[in-house]
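Coordinate inspection notes
As a plain string of letters, each chain reads:
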Amino acid sequence: MKKRDVCGVLLLFVYLMGVGMLTGPSLVQLVLGRLPVPKLELIPFVDIIKVATDPQSPGLGVMANLAGNVVMFVPLGLLLPLFWRWFGSAKRTVLFGLGLSVSIELIQLVAGGVTSVDDLILNTAGAAAGFALAWLVLRAWPRLAPRRQGRNEWAYPLACWCAVIALATVTDLMTVGV
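Remember, predicted model here, so these are calculated numbers, not experimental data.

The next point concerns the packing of helix H5 (residues 90-110) against helix H6 (residues 117-140). Their axes nearest at 9 Å, the elements H5 and H6 cross at an angle of 145 degrees. The interaxial crossing formed by H5 with H6 has right-handed handedness. Of H6, the residues touching H5 (which contributes Ala 90, Thr 93, Val 94, Gly 97, Leu 98, Ser 101, Val 102 and Glu 105) are Asp 119, Leu 120, Asn 123, Thr 124, Ala 127, Ala 128 and Phe 131. The class makeup of the residues in the contact of H5 with H6 is eight nonpolar, five polar and two charged.

A word on the layout of surface pockets. Here the second largest pocket is characterised by a volume of approximately 170 Å³. Here the element with the most residues in the lining of the second largest pocket is H6; it accounts for four residues. When its residues are assigned to classes, the lining of the second largest pocket shows six nonpolar, one polar and two charged.

Below, the discussion takes up unusual backbone geometry. In the Ramachandran plot, Phe 45 falls in the positive-phi region, its phi being about 75 degrees despite a non-glycine side chain. The topology assignment puts Phe 45 in the loop between strand E1 (39-41) and helix H3 (46-52).

Time to look at the nonpolar core. Counting 23 residues, the largest nonpolar core has Leu 12, Tyr 15, Leu 16 and Leu 76 as its most contacted members. Put simply, the parts of the chain that give this core at least two residues each are helix H1 (3-23), helix H4 (60-83), H5, H6 and helix H7 (155-176). The contacts of Leu 12, once residues within four sequence positions are left out, are Leu 76, Leu 79, Leu 80, Trp 84, Pro 157 and Cys 160.

Now for H5. For H5, spanning 21 residues, the distance from its first C-alpha to its last is 30 Å, which sits close to the expected 30 Å at 1.5 Å a residue. Residues of H5 that are buried: Thr 93, Phe 96, Gly 97, Leu 100, Ser 101, Ser 103, Ile 104, Glu 105 and Gln 108. The residue sitting at the N-terminus of H5 and contributing the capping side-chain oxygen is Ser 89; that oxygen lies 3.2 Å from the backbone nitrogen of Lys 91.

A word on the packing of aromatic side chains. In total, this model carries four aromatic pairs according to the counting rule given. Relative to Tyr 156, the ring of Trp 84 has its centre 6.0 Å away and its plane inclined at 35 degrees; by these criteria the two rings are tilted. Taken together, the residues span a long stretch of sequence, with Trp 84 in the loop between H4 and H5 and Tyr 156 in helix H7 at a distance of 72 residues. Look at Trp 84 and you get buried, because its relative accessible area is 0%. For Tyr 156, a relative accessible area of 22% puts it in the partly exposed group. Geometrically, the ring pair formed by Phe 87 and Phe 96 is edge-to-face, given 5.6 Å between the ring centres and 75 degrees between the ring planes. Taken together, the aromatic side chains of Phe 83, Trp 84 and Tyr 156 make up a single cluster linked through ring pairs. Over the aromatic face of Trp 86 sits the side chain of Arg 92, whose NZ or CZ is 4.2 Å from the ring centroid.

A cluster of nonpolar residues, Leu 95, Leu 98, Val 102 and Leu 106, forms a patch on the protein surface that exposes about 310 Å² of accessible area. Positionally, Leu 98 belongs in helix H5.

A few words on a positive patch on the surface. Positive charge collects at one region of the surface, where Lys 2, Arg 4, Arg 143, Arg 147 and Arg 148 lie side by side. For Lys 2, the location among the structural elements is in the segment before H1. Overall, the relative accessible area of 36% leaves Lys 2 in the partly exposed class.

This part is about the side chain of Ser 116. In this fold, Ser 116 is placed in strand E2 (residues 114-116). Ser 116 sits in the buried class, given a relative accessible area of 3%. At a separation of 3.1 Å, a polar atom in the side chain of Ser 116 contacts the main-chain amide nitrogen of Asp 118. Every residue in contact with Ser 116, bar those within four places of it in the chain, is listed here: Glu 41, Asp 47 and Glu 105.

Parameters and conventions
- Residues numbered from 1 in each chain as written.
- Predicted model: local features only at pLDDT ≥ 70, side-chain atom pairs only at ≥ 80, totals over all residues.
- Heavy atoms only, no water.
- Axes fitted to C-alpha atoms, helices over the stretch in contact; angles between N-to-C directions.
- Helix = DSSP H or I, 4+ residues; strand = E, 2+ residues; numbered from the N terminus.
- Left-handed = near helix turned anticlockwise from the far one by under 90°.
- Contact = heavy atoms within 4.5 Å.
- Nonpolar A, V, L, I, M, F, W, Y, C, P; charged D, E, K, R; others polar.
- 1 Å grid on protein atoms, 1.4 Å probe; cavity = no way out; pocket = protein on both sides within 12 Å on 5 of 7 lines; lining within 4 Å.
- Points joined across faces, edges and corners; volume = space filled by probe spheres on them.
- Core = buried A, V, L, I, M, F, W, Y, C linked by side-chain atoms within 4.5 Å.
- Buried < 20%, exposed > 50% of the residue type's maximum accessible area, 1.4 Å probe, protein only.
- Expected span 1.5 Å × (residues − 1).
- Polar contact = N/O pair within 3.5 Å; in protein donor to acceptor, adjacent residues only side chain to side chain.
- Phe/Tyr/Trp six-rings, centres within 6.5 Å; stacked < 30°, edge-to-face > 60°.
- Lys NZ or Arg CZ within 6 Å of the ring centre and 35° of its normal.
- Patch = residues over 30% accessible without salt bridge, like charges linked within 9 Å, V, L, I, M, F, W, Y side chains within 5 Å.
- Areas by Shrake-Rupley, 256 points an atom, 1.4 Å probe, with all protein chains shown as cover.
- Salt bridge = Lys/Arg side-chain N within 4 Å of Asp/Glu carboxyl O.
- Lys, Arg positive; Asp, Glu negative; His and termini not counted.
- Charge placed at Lys NZ, Arg CZ, Asp CG, Glu CD.

Structure below.
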């Protein structure tokens, strides 16, 4: 593993730990059987419209929900192409962002929580915006671009996310003493 890969993995791991802490319901709820009733929203844009038109929290709810879901995935779209040439394609980066978002929503569905197709749309848009930002950065400073492509560069981000899920599960289990 090259130094650049190590730096990318460390940055991505820290970022993904933050995403996991912000989005993940505790998986230990599943083990202990204390699951809240999950809420599943499969109709696109219903939650976005509901939040945007909520008279109880004008502006604040929109910023927290809509912008938060987009902004949370911008670093993913930025980091992937900056560290690994395999993610130099918008399609690959955006699809990885979509896959990460799907995994978060599935965990939320299983562990009890709100699972919404709108979150998938907003998170994927954030990954796309991050890729666009990376594209601008790499055009302005081409020396930052990764030089060589490794055979399995796609596995580094996937391994980071799997490690975050495993670490969160282990720490949750240790916390409750199971």
